[in-house]
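Descriptive structure summary
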Amino acid sequence: PSSDCVVAEQLCLSDSTCNATYRMLENCALAKTRLLSLDHDSRVRCLNAELDLGNSSLLHCKCHRRMKRQEHCLRIFWTVHSSMTDGYFNLETSPYENPANEEHWNTDYNKLAALVSGKNCSQLAGDATNPCLRATHVCNLSKKCFRLRTDYASICTKGAGSEDVCDRRKCHRGLRNFFEKVPEDFTKRILFCPCQDEFCGERRRKTIVPDCSFQYNTKPNCLWLLDSCLEDHICKSRLADFQQNCQPVDMSPDGCSLHNRAACLQAYMGMIGTPMTPNYVSNSSVEVSLWCTCENSGNQKEKCDQILGMFESNKCL
């Protein structure tokens, strides 16, 4: 059976029985998207349709983070798994396959870093004490890294310093392009560069242009951020991926259930450019958070705290 949801969908649609079951699931997913309350019989039909796909490759298909038809693939995945989307803590199955491996690092960065080290240019002054600046210079030596970083930076800074508001949606899309299309060897070093002083820390904090991508004038409620995320196939998928790969476990030696820091960092990077974009909270620490608050959450305060805590107090992350 194919593991690619786009291929699996084509196989299913060519079979009359599978086709009918899949169309039923599409209607179920559409009803959920429109927040229509299904009666008992409809819910049972939807659940049975999902169970009927038991032997279909659709039920076990996955998507690739860097595939061309990613949104289409994710829509297929959540159509088949629509019963799993009732609440935040039911998103434990990631639609993405192959979590990052600790050794999954490209050699391009090290070659370019050697070029930077060999240059005696005034613009590289401070590289030794500012790893974030050094990572940026290395990015600039890669045509793709430089182009995509310039793209999102120009989009995300439009309107800065004036009454105009930046286009957050375009900014987020530009950030996702950067983190999806540039090799992780570059993106990880730019986002997670180790700092010893506040100047370096501020550069790291501003990697994602937080005035546009991260902050609002006032902090929204975290439950509102979650609702915005669950309405978007990419954000919902990245959240599921983050939950699976950054699941904290108190009894574990490293505080992480999967013992794979690279997969957790990759999942964290996947959240950048979504409605639930996280970032560093200051220029003097590596603490991260969502830009939201749990004040005035009423009887959902506990759920709200759990959402915020997945980032603020996650030992695995």
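Computed from a predicted model, the values in this text were never measured in an experiment. (Residues numbered from 1 in each chain as written. Predicted model: local features only at pLDDT ≥ 70, side-chain atom pairs only at ≥ 80, totals over all residues. Heavy atoms only, no water.)

1. Comments concerning the side chain of T274
Checked against the element boundaries, T274 lands in the loop between α14 (261-271) and β1 (278-280). Note on T274: relative accessible area 1%, which makes it buried. Those residues in contact with T274 that lie beyond four places of it in its chain are H172, C235 and R238. (Helix = DSSP H or I, 4+ residues; strand = E, 2+ residues; numbered from the N terminus. Buried < 20%, exposed > 50% of the residue type's maximum accessible area, 1.4 Å probe, protein only. Contact = heavy atoms within 4.5 Å.)

2. What to know about a positive patch on the surface
Together, R66, K144, R147 and K181 line one region of the surface with positive charge. Residue position: K181 is located in helix α8 (residues 168-181). A relative accessible area of 44% places K181 in the partly exposed class. (Patch = residues over 30% accessible without salt bridge, like charges linked within 9 Å, V, L, I, M, F, W, Y side chains within 5 Å. Areas by Shrake-Rupley, 256 points an atom, 1.4 Å probe, with all protein chains shown as cover. Salt bridge = Lys/Arg side-chain N within 4 Å of Asp/Glu carboxyl O. Lys, Arg positive; Asp, Glu negative; His and termini not counted. Charge placed at Lys NZ, Arg CZ, Asp CG, Glu CD.)

3. Considerations on the packing of helix α6 (residues 131-141) against helix α7 (residues 143-156)
Direction vectors running N to C along α6 and α7 enclose 110°, while the axes themselves pass 5 Å from each other. Classified by the angle between their axes, α6 and α7 sit roughly perpendicular to one another. Counted together, T136, C139, N140 and L141 of α6 and K143, C145, F146 and R149 of α7 form the full contact between these two elements. A class-by-class count of the residues in the contact of α6 with α7 yields four nonpolar, two polar and two charged. (Axes fitted to C-alpha atoms, helices over the stretch in contact; angles between N-to-C directions. Parallel < 35°, antiparallel > 145°, perpendicular 65-115°, else oblique. Nonpolar A, V, L, I, M, F, W, Y, C, P; charged D, E, K, R; others polar.)

4. Quick notes on helix α9 (residues 184-191)
Of all eight residues in α9, seven are buried; the element is thus mostly enclosed. Among the residues of α9, E184, D185, F186, T187, K188, I190 and L191 are the ones counted as buried.

5. Thoughts on the pattern of salt bridges
Summed over the entire model, instances satisfying the criterion amount to 10 salt bridges. Among the ionic pairs, R238 bridges to E180, the shortest N-O distance being 2.4 Å. Remark: E180 occurs in helix α8 and R238 occurs in helix α13 (residues 233-245); sequence separation between them is 58 residues. On the accessibility criterion, E180 (15% relative accessible area) is buried. One salt bridge connects D185 with R189, and the closest N-O pair in it is separated by 2.5 Å. Taken as a pair, D185 and R189 lie in helix α9 at a separation of four residues, close to a single helical turn. Several salt bridges share partner residues, and in doing so they unite E9, R23, E26 and R75 into one network.

6. What to know about the state of the cysteines
All told, the structure shown has 14 disulfides when counted by the stated rule. Two residues, C63 and C73, share a disulfide whose sulfurs are 2.1 Å apart. Classification of the bridge connecting C63 and C73 rests on its S-S torsion, roughly -100°, and on that basis the disulfide is left-handed. With C63 in the loop between α3 (40-52) and α4 (70-80) and C73 in helix α4, the pair connects residues that are 10 residues apart, well separated along the chain. We classify C73 as buried; its relative accessible area is 0%. (Disulfide = S-S within 2.5 Å.)

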